[in-house]
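Descriptive structure summary
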Amino acid sequence: MRTQWRTFMVMLVITVCAAAFAGWAGVQYGIRHARQDVDLDATLHRKLALSPEQEGRIHSLEQQFGPERKQLQSEMRASNRDLAQAIMRTHTYGPEAQGAIERSHHSMGALQEATVKHVLAMRAVLTAQQGAIFDRTIAKALASDVP
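First things first, this report covers the structure right here in the doc. (Residues numbered from 1 in each chain as written. Predicted model: local features only at pLDDT ≥ 70, side-chain atom pairs only at ≥ 80, totals over all residues. Heavy atoms only, no water.)

1. Some remarks on the overall build of the protein
On a plain count of helices and strands, the protein comes out with five helices and zero strands. Mapped in sequence order, the helices and strands of the protein form the string α-α-α-α-α. Burial analysis of the protein (147 residues in total) assigns 22% to the buried set. Here the analysis covers contacts within the protein between residues at least 6 apart in sequence; of these, 64% occur between residues at least 24 apart. (Helix = DSSP H or I, 4+ residues; strand = E, 2+ residues; numbered from the N terminus. Buried < 20%, exposed > 50% of the residue type's maximum accessible area, 1.4 Å probe, protein only. Contact = heavy atoms within 4.5 Å.)

2. Brief notes about the environment of Leu40
Considering the arrangement of structural elements, one finds Leu40 in helix 2 (residues 40-47). We classify Leu40 as partly exposed; its relative accessible area is 22%. For the pair Leu40 and Val119, spaced 79 residues apart in sequence, the C-alpha to C-alpha distance is 9.4 Å. Residues in contact with Leu40, not counting those within four places in the same chain, are Val119, Met122, Phe134, Thr137 and Ile138.

3. Looking at the packing of helix 3 (residues 52-90) against helix 4 (residues 95-123)
One way to put it is that helix 3 packs onto helix 4 with a least axis distance of 8 Å and a crossing angle of 165°. Comparing their axes, helix 4 and helix 3 come out roughly antiparallel. Between helix 3 and helix 4 the crossing geometry is left-handed. Taken together, the residues of the contact of helix 3 with helix 4 break down into 16 nonpolar, eight polar and eight charged. (Axes fitted to C-alpha atoms, helices over the stretch in contact; angles between N-to-C directions. Parallel < 35°, antiparallel > 145°, perpendicular 65-115°, else oblique. Left-handed = near helix turned anticlockwise from the far one by under 90°. Nonpolar A, V, L, I, M, F, W, Y, C, P; charged D, E, K, R; others polar.)

4. Observations concerning the nonpolar core
Among the nonpolar cores identified, the biggest contains 11 residues, and these are Leu44, Leu48, Leu50, Ile58, Leu61, Val119, Met122, Val125, Leu126, Phe134 and Ile138. Of all the secondary structure elements, the ones that give two or more residues to this core are helix 3, helix 4 and helix 5 (128-142). Residues within four places of Leu44 in sequence aside, it is in contact with Leu50, Ile58, Glu62, Met122, Leu126 and Phe134. (Core = buried A, V, L, I, M, F, W, Y, C linked by side-chain atoms within 4.5 Å.)

5. Some details on the pattern of salt bridges
All told, the structure shown has five salt bridges when counted by the stated rule. Among the salt bridges present, the one from Arg123 reaches Asp135, with a minimum N-O distance of 2.7 Å. With a gap of 12 residues between them, Arg123 in helix 4 and Asp135 in helix 5 connect regions that are remote in the sequence. (Salt bridge = Lys/Arg side-chain N within 4 Å of Asp/Glu carboxyl O.)

6. Comments concerning helix 5
Between its terminal C-alpha atoms helix 5 stretches 21 Å, which fits the 21 Å expected from 15 residues at 1.5 Å a residue. Along helix 5, the residues classified as buried are Gln130, Gly131, Phe134, Thr137 and Ile138. Along the long axis of helix 5, the arc covered by the buried residues comes to 125°, so they all point the same way. Turned more than 90 degrees away from the buried face of helix 5, the exposed residues are Ala128 and Gln129. (Expected span 1.5 Å × (residues − 1). Arc of directions from axis to C-beta.)

7. Some points on a positive patch on the surface
On the surface, a cluster of positive charge is contributed by Arg46, Lys47, Arg136 and Lys140. Elements that contribute at least two residues to the positive patch include exactly helix 2 and helix 5. Mapping Arg46 onto the fold places it in helix 2. Residue classification places Arg46 among the exposed positions, given a relative accessible area of 68%. (Patch = residues over 30% accessible without salt bridge, like charges linked within 9 Å, V, L, I, M, F, W, Y side chains within 5 Å. Areas by Shrake-Rupley, 256 points an atom, 1.4 Å probe, with all protein chains shown as cover. Lys, Arg positive; Asp, Glu negative; His and termini not counted. Charge placed at Lys NZ, Arg CZ, Asp CG, Glu CD.)

8. Thoughts on the packing of helix 2 against helix 3
At a minimum axis separation of 11 Å, helix 2 and helix 3 run at an interaxial angle of 155°. Classified by the interaxial angle, the pair formed by helix 2 and helix 3 is roughly antiparallel. As for how helix 2 packs across helix 3, the hand of that crossing is left-handed. Together, Asp41, Leu44 and His45 of helix 2 and Glu55, Ile58 and Glu62 of helix 3 make up the contact between the two elements. Broken down by class, the residue content of the contact of helix 2 with helix 3 amounts to two nonpolar, one polar and three charged.

Here it is, written out as structure tokens:
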């Protein structure tokens, strides 16, 4: 009996160590191979050498867009909550789930449209040279295969 207990404990320790190593290795792999996030804000405020007037105009645009973005994100979260409740309540892909998904798609589409309009409004503030850098940043953000 003692031998079985000892064997079990050794196997348990080996399994835990192997799982910990596998988790660590997976995280390291993910960190090394993750696509670098494109930071539009960093490009705008650090790489484009904006004039004080441009900074002011872009700041104003960001202040105007902030509440709209928060509202649309709130609508998305609410539709996701509705979807979760519908699934838990009916356990089917029925009218409740479909309605929640439609609301989610609507709010996601509205957010994407508002974001594109906001980005283009900021783009209009830039010089041609700044705009070219900005455009490359946007292209990288939207399409991972853009150099």
